[in-house]
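Structural characterization, general
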Amino acid sequence: VGITRQLAAVDVSTTIPELRARKRLAAMQEGLAHRDLHDRQVHLVEGDVALLAQVLDYYHATLKEGPEALAYLEKRGLAHPDIVAHFKLGYANRTLGYRLPAANRVAGADIRGRLTSMGVLRESGHEHMTGSLVVPLCNENGAPVQAYGRKITEGLRKGTPLHLYLPGPLTGIFNREAVAASD
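Quick look at the structure, then.

Core analysis: the biggest nonpolar cluster contains 19 residues, and Tyr59, Leu96, Leu115, Val120, Met129 and Val134 have the highest contact counts within it. Contributing elements (two or more residues each) for this core: helix H3 (46–65) and helix H7 (106–118). Considering each element in turn, this core owes the most residues, six residues, to H3. When sequence neighbours within four positions are dropped, the list of residues in contact with Val120 reads Leu52, Val55, Tyr59, Leu96, Leu115, His126, Glu127, His128 and Leu166. Formed by 13 residues, the second largest nonpolar core is a distinct cluster that contains Leu63, Val84, Phe87 and Tyr91.

Once that is clear, we can look at the side chain of His60. In this structure, His60 sits in helix H3. Aside from chain neighbours lying at most four places away, what touches His60 is Val84, Ala85, Lys88, Leu89 and Gly90.

Relative to the assigned elements, Gln146 resides in strand E3 (residues 144–151). A residue is classified by how much of its surface remains accessible, and Gln146, at 1% relative accessible area, is buried. Here the side chain of Gln146 touches Leu166 through a polar contact of 2.8 Å, landing on its backbone nitrogen. At a separation of 3.0 Å, a polar atom in the side chain of Gln146 contacts the main-chain carbonyl oxygen of Pro169. In this view, Gln146 contacts Leu52, Pro136, Leu137, Tyr165, Leu166, Pro167, Gly168, Pro169, Leu170 and Thr171; residues no more than four positions away in its chain are not counted.

A side chain of one charge can pair with a side chain of the opposite charge if their charged atoms are brought near each other. If you walk through the whole model with that rule in mind, you get three salt bridges. With its nearest N and O atoms 3.4 Å apart, the salt bridge here joins Arg114 to Asp48. One end of the pair, Arg114, is in helix H7; the other, Asp48, is in helix H3, and 66 residues separate them in sequence. By relative accessible area, Asp48 is classed as buried at 9%.

Right, let's get into the sheet that holds strand E2 (residues 132–138). Judged by pairing direction, the sheet is antiparallel, and its four strands sit side by side in the order E1-E2-E3-E4 without closing on themselves. Each of the sheet's edge strands pairs with one partner strand only, and the pair in question is strand E1 (90–92) and strand E4 (163–165). Strand-to-strand twist in this sheet, taken as the mean axis angle between neighbours without regard to direction, amounts to 30 degrees. Where E3 meets E4, three bridges bridge the pair, whose relative direction is antiparallel. From the neighbouring strand, Gly149 faces E4, where its bridge partner is Leu164.

Rules behind the numbers
- Residues numbered from 1 in each chain as written.
- Predicted model: local features only at pLDDT ≥ 70, side-chain atom pairs only at ≥ 80, totals over all residues.
- Heavy atoms only, no water.
- Core = buried A, V, L, I, M, F, W, Y, C linked by side-chain atoms within 4.5 Å.
- Buried < 20%, exposed > 50% of the residue type's maximum accessible area, 1.4 Å probe, protein only.
- Helix = DSSP H or I, 4+ residues; strand = E, 2+ residues; numbered from the N terminus.
- Contact = heavy atoms within 4.5 Å.
- Polar contact = N/O pair within 3.5 Å; in protein donor to acceptor, adjacent residues only side chain to side chain.
- Salt bridge = Lys/Arg side-chain N within 4 Å of Asp/Glu carboxyl O.
- Pairing = 2+ DSSP bridges.
- Axes fitted to C-alpha atoms, helices over the stretch in contact; angles between N-to-C directions.

Next comes the structure, spelled out in structure tokens:
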């Protein structure tokens, strides 16, 4: 508040409403950015499919260690280990960036750039699906081509979408075996 007051040359009673208005505008813009993600053209190449598989494997491992994600599944009657393992359910707990090479290194810049172009990381470097149960969506060969995320944390900012996908076309199948069996 103090620095805003100095920069804008206004008093405290004016500064607080101004900051609130800016916060609302930023939240609105963030919501619009979420809607525009699927308009972005993202096409995974062979190396990206393997990288996406590694990310989803990491999320799968974090779900097994994440009490909040397991509690969410338990609440919905989905916490059976066979379900979690079969569908490779995961949890994006904001730790992926800590497992990547540093951004100021060639390898780190490369992998972070690829993850950003795929939509796993946002331009800010944050994980797109942070706080979400992550469900891999696979092609007919079982390779991941998309991911669905469902926010599971409480107290989200107003306007935060509960359901997320990676940018690009909404392709892939959740339960290939059931689709094949129904033919």
